[in-house]
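Structure at a glance
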Amino acid sequence: MRIWLDGALREGDGARVSVFDHGLTVGDGVFETLKAEHGQVFALTRHLERLTRSARGLGLPDPDPEEVREACTAVLAANPMPLGRLRITYTGGVSPLGSDRGQEGTTLVVAVGETTRRPDSTAVITVPWVRNERSAIAGLKSTSYAENVVALAEAHRAAASEALFANTVGRLCEGTGSNVFVVLDGELHTPPVTSGCLAGITRALVVEWAGAKETELPFDVLEQAEEVFLTSTLRDVQAVRRIDGRTLADAPGPVTAEAMRIFDERSAADIDP
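Below is a short write-up of the structure.

Parameters and conventions
Starting afresh in each chain, residues are numbered from 1 along the sequence in its written order. Local features in this predicted model are restricted to residues of pLDDT 70 or higher, and side-chain atom pairs are both shown and tallied only at a pLDDT of 80 or more, whereas totals for entire chains, interfaces and linings draw on every residue. Calculation of side-chain values draws on the structure's entire complement of heavy atoms; hydrogens and water are dropped beforehand. Joining through side-chain atoms within 4.5 Å is the link that ties buried Ala, Val, Leu, Ile, Met, Phe, Trp, Tyr and Cys residues into a set, and such a set is a nonpolar core. Any residue under 20% of the maximum accessible area for its type is buried, any over 50% is exposed, and the rest in between are partly exposed; the area is computed with a 1.4 Å probe on protein chains only. Helix numbering and strand numbering both begin at the N terminus, where a helix is a DSSP run of H or I of at least 4 residues and a strand a DSSP run of E of at least 2. Contact between two residues is taken to exist if any of their heavy atoms lie within 4.5 Å; hydrogens are not considered. Multiplying 1.5 Å by the residue count of a helix minus one yields the expected span of that helix. Here, patches come from residues exposed beyond 30% relative accessible area and free of salt bridges, joined within 9 Å for like charges and within 5 Å for nonpolar side chains (Val, Leu, Ile, Met, Phe, Trp, Tyr). For accessible areas, the Shrake-Rupley method is used with a probe of radius 1.4 Å. Any residue's cover is judged against the shown protein chains and nothing else. A pair is scored as a salt bridge if a Lys or Arg side-chain nitrogen falls within 4 Å of a carboxyl oxygen belonging to Asp or Glu.

For the rest of this paragraph, the subject is the nonpolar core. Core analysis: the biggest nonpolar cluster contains 25 residues, and Leu86, Ile88 and Val110 have the highest contact counts within it. Of all the secondary-structure elements, those providing two or more residues to this core are strand E3 (29-37), helix H2 (44-58), helix H3 (65-78), strand E5 (83-91) and strand E6 (107-114). Contact partners of Val110, with chain neighbours within four places excluded, come to Ile3, Trp4, Ala71, Cys72, Val75, Leu86, Arg87 and Ile88. Counting 17 residues, the second-largest nonpolar core is a separate cluster that includes Val183, Ala212, Val237 and Met260.

Spelled out as structure tokens, the structure:
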């Protein structure tokens, strides 16, 4: 495996980030996960734009988009695979121990790992912890991901692949690494970004292509929804067949199946929508 680190490709076992990197010590960093099929990255421009928004939200310098593009191209060329999870990580760099940021510059890492296509449906759970829609990092794709690690581990213990959060006012928000859509009376809805959810790339495309409404929804809507599905870079559109103890019959349902069809068709026609 060859990895891009600070301007050059390096062998995976020789690529080293300082133990004093702020991304490690305090989670001062941002990242993007992209889908790469046979060396072609999906929605790269949208991901780079969100990487910049997240960096600005943390007060980091803007990443150089041309360097990031070069890094992605080089990593994929050096590590050919049918389907890959491409990860861009951008941190505050070497800094003093503590929350103050150093002056030595940022760190950029781009790596890829092989993956497989997700199943068409999955099980999810709800968790008692909440997203803080008023947090300083709400909506940023930050490397401060510990609460997601805890919630996802809880999901795995329940034989599920995702955990869903409410926000502090009891509204439906998002999953640990996905956005959530629900069908009510045949209409498709998803929480607005003001709920504290990440402005997901796949989420935005499904809203645009499938005509979903951005709606503030109570968390218990999951108990009444006719259909539920998740979106993310590697899930694309994935039906939910079980939420906690509730089984949703015939997942994917008709609205979900249509959203899956539209997404597959439109994404295949345009690699960088």
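With that out of the way, let us pick up H2. Over its 15 residues, H2 extends 21 Å from the first C-alpha to the last, a length consistent with the 21 Å expected when each residue adds 1.5 Å. All buried positions along H2 are accounted for by Leu44, His47, Leu48, Arg50, Leu51, Thr52, Ser54, Ala55 and Leu58. Packed against the buried residues of H2 are E3, strand E4 (40-41), H3, E5 and helix H5 (201-210). Directly after H2, the chain includes Gly59, whose backbone phi takes a positive value near 80°.

Side chains of Val19, Phe20, Leu24 and Leu97 sit close together on the surface and give an oily, nonpolar patch of about 450 Å² of accessible area. Within the secondary structure, Leu24 is located in helix H1 (residues 22-25). Here Leu24 falls in the exposed class, since its relative accessible area comes to 59%.

Next up on the list: helix H4 (residues 146-157). Structurally, the α-helix is built with 3.6 residues per turn, so residues lying three or four positions apart point the same way. With 12 residues, H4 should cover 16 Å at 1.5 Å per step; its first-to-last C-alpha distance of 17 Å lies within 8% of that length. Looking one or two residues beyond H4, the residue adopting positive phi is Ala159, at roughly 60°.

This model, assessed by the stated rule, comprises 16 salt bridges. Of the charged contacts, one joins Arg157 and Glu154 as a salt bridge, the two residues approaching to 2.7 Å between their closest N and O atoms. Within this pair, Arg157 and its partner Glu154 are both found in helix H4, separated by 3 residues, close to a single helical turn. A salt bridge links Glu265 to Arg261; the shortest N-O distance between them is 3.2 Å. In this pair, Glu265 and Arg261 are both assigned in helix H6 (residues 254-269), 4 residues apart and thus about one turn of the helix distant. Several salt bridges share partner residues, and in doing so they unite Lys35, Arg117, Arg118, Asp120 and Asp236 into one network.

These figures capture arrangement, not role.
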